[in-house]
Amino acid sequence: MQAIADKQGVKRYIISLTVNGDEYSPVIKGNTLLVNLLRDGLDLTGTKKGCELGDCGSCTVLMDGKPVDACLVLALEADGCEIITIEGVAQHGELDRLQRSFIDNAAIQCGYCTPGMILSAKALLARNPHPTEPEVRAAIAGNLCRCTGYVNIVKAVLDAAEVTA
Amino acid sequence: MYLPDFDYYAPESLTEATGLLMQLGTSARVLAGGTDILVKMKSGLLAPSALVSLKNLHELRRIRWDADRGLAIGALATHNEICNSAVVQERFLSLSEAAHKLANNQIRNRGTIGGNLVNAIPSADLPPILIALGAYVTLAGPNSSRTVPVESFFTGVSRCALEPEREILTEVVIPPQKTTGSTYIKFGLRRSGALAVVGVAAAVTMDGNVVRDVRICLGAVYKVPTRAIQAEQVLIGKTWTNDLLEQAGRTAVGCCLPISDIRGSAEYRRDLVRIFTRRALKRAITQGHV
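Residues numbered from 1 in each chain as written. Chains lettered and ligands numbered in written order. Predicted model: local features only at pLDDT ≥ 70, side-chain atom pairs only at ≥ 80, totals over all residues.

This next bit is on the interface of chain A and chain B. Taken residue by residue, the interface counts 26 residues in chain A and 23 residues in chain B. Contributions of two or more residues to the side of chain A that touches chain B are made by β7 (66-69) and α4 (133-139) of chain A. Here the side of chain A that touches chain B gets 4 residues from one element, more than from any other, and that element is β7 of chain A. Residues belonging to the side of chain A that touches chain B are distributed by class as follows: 12 nonpolar, 7 polar and 7 charged. (Contact = placed C-beta atoms within 7 Å. Helix = DSSP H or I, 4+ residues; strand = E, 2+ residues; numbered from the N terminus. Nonpolar A, V, L, I, M, F, W, Y, C, P; charged D, E, K, R; others polar.)

What follows is the structure, encoded as structure tokens:
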């Protein structure tokens, strides 16, 4: 991290981080939140903004493999980290099995919670490839769906886990 | 939602960090996981001129067991790290479980034990079990450090013994002990992501069916997490029975002063204290550290 000041004396910082496998060295301000860096700085608008207070989980991204609320992480704190957003889940134009399963199970209504749901589920399956239903529910407890689609979402995650059984 | 701007520092050592705090003056604050302070800053409750991030102080992340000192948890250990730590699960599964009951997975991946203590809200989930287990914290200043029992760390709602312009909470230590069981149970309005309406922790030292020693701590029913000492005295030296636990529960109600708020009325909280004290005691007595 390198600090720079412009002629007005406004401080900015140059950080480096990896997002979806690509390295970036953005210039940010101290109060730039990770969610705003991703959406406004890198044009990765798949990460949504909901409550912006760490309750709803719509801004969930993986930070060094762990789901976090990007609205409560300073971009500065992500210096040197590896971030995965929803844009980095599909590989080579092929949907991830979780994404495919969300479609097949009609686990999407308005879709606003979906990126966060998929990333929370992805982290769960990475550490626990065959979760039980309560484990799936606990893993997505920080992701609110206001279309009340939890039943199909849970089914979708369990189905995706099944595929690798 | 706007986050006011601030100067940012990420010191490489504890000495540098406490030195920075001294130099920056009273409106600088420490940044650990950020899950509380950034919310306060966005809500306009706090506008520090500078944030001193502890992210490079990797030694404050460690969780270690030592036969002489007990379980030492670095202040930057996240709730999920505490929850998943093999050594915490082996020694005090009850603490691991308490960490798991806190907030949601995303917050548990960022929020730290040090932040949970320094934030000092009455409904915090870790203080009751830490107080029941007789834990203390280390506060490091520029030239010296001091230890404070968690029980006397809190001085009011969002107030604690830490001097924010010169001290950093570095470690939480649970000393080796004779306790045979402990637990923290919580009532929240949802299973996840909800603050405690009432939280009760109990730690017992049993000799067969006789209660040799017990510590009960109540959360969310007073301005600070508070011991139910009269309820403890109901039990000490006696053979436990369901009736005795109920009596301890009734006595615990007299040890708290709950408020009515959006999460529950004072009357409801008093009822919960009675029931949860009884349940926590039974769990700790019959199931060990759970």
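Turning next to the domain arrangement of chain B. All names here are of chain B. By the assigned domains, chain B splits into domain 1 (7-53), domain 2 (58-174) and domain 3 (181-287). Spacing between the C-alpha centres of domain 2 and domain 3 amounts to 21 Å. Listed as interface residues are 22 residues of domain 2 and, on the opposing side, 24 residues of domain 3. Counting only elements with at least two residues in the side of domain 2 that touches domain 3, the list comes to α5 (93-100), α8 (126-132) and β8 (154-156). (Domains from an automatic or database assignment.)

Time to look at the sheet that holds strand β5 (residues 70-74) of chain B. Residues and elements named next belong to chain B. Sheet architecture is open: 5 strands sit in the order β4-β5-β10-β6-β7, paired in antiparallel fashion. Only two strands of the sheet have a single neighbouring strand rather than two, namely β4 (63-66) and β7 (145-149). Geometrically, the sheet is characterised by an average inter-axis angle of 25 degrees between neighbouring strands, direction not taken into account. Direction of pairing for strand β6 (residues 136-140) relative to strand β10 (residues 168-174): antiparallel, over a ladder of 5 bridges. Directly across from Ala140, in β10, lies its bridge partner Ile168. Most of the contacts of helix α1 (residues 14-24) go to β10, to which it runs at about 130 degrees, and overall it touches β6 and β10. (Pairing = 2+ DSSP bridges. Axes fitted to C-alpha atoms, helices over the stretch in contact; angles between N-to-C directions.)

As a further point, take the sheet that holds strand β2 (residues 28-31) of chain B. Residue and element names in this part refer to chain B. Taken together, the 3 strands give an open sheet; going across it, the order is β1-β3-β2, and neighbouring strands pair in parallel fashion. The two strands at the open ends of the sheet, each matched to only one other strand, are β1 (7-9) and β2. Averaged over all pairs of adjacent strands, the angle between strand axes in this sheet comes to 25 degrees, irrespective of strand direction. Of the pairings in the sheet, the one linking β1 to strand β3 (residues 50-53) comprises 3 bridges and is parallel in character.

Residues and elements named next belong to chain B. Of all 10 residues in strand β13 (residues 210-219), 7 are buried; the element is thus mostly enclosed. Where strand β12 (residues 196-207) meets β13, 9 bridges bridge the pair, whose relative direction is antiparallel. Considered in β13, the bridge of Asp207 is made with Val210. Relative to strand β14 (residues 226-227), β13 runs antiparallel, the two sharing 2 bridges. Residue Leu218 lies in a different strand from β14, and its bridge partner there is Thr226. In sequence, β13 turns back onto β14 through a hairpin of 6 residues, with Ala220 there showing a positive phi of about 70 degrees. (Buried ≥ 20, exposed ≤ 12 C-beta atoms within 10 Å, placed from the backbone.)

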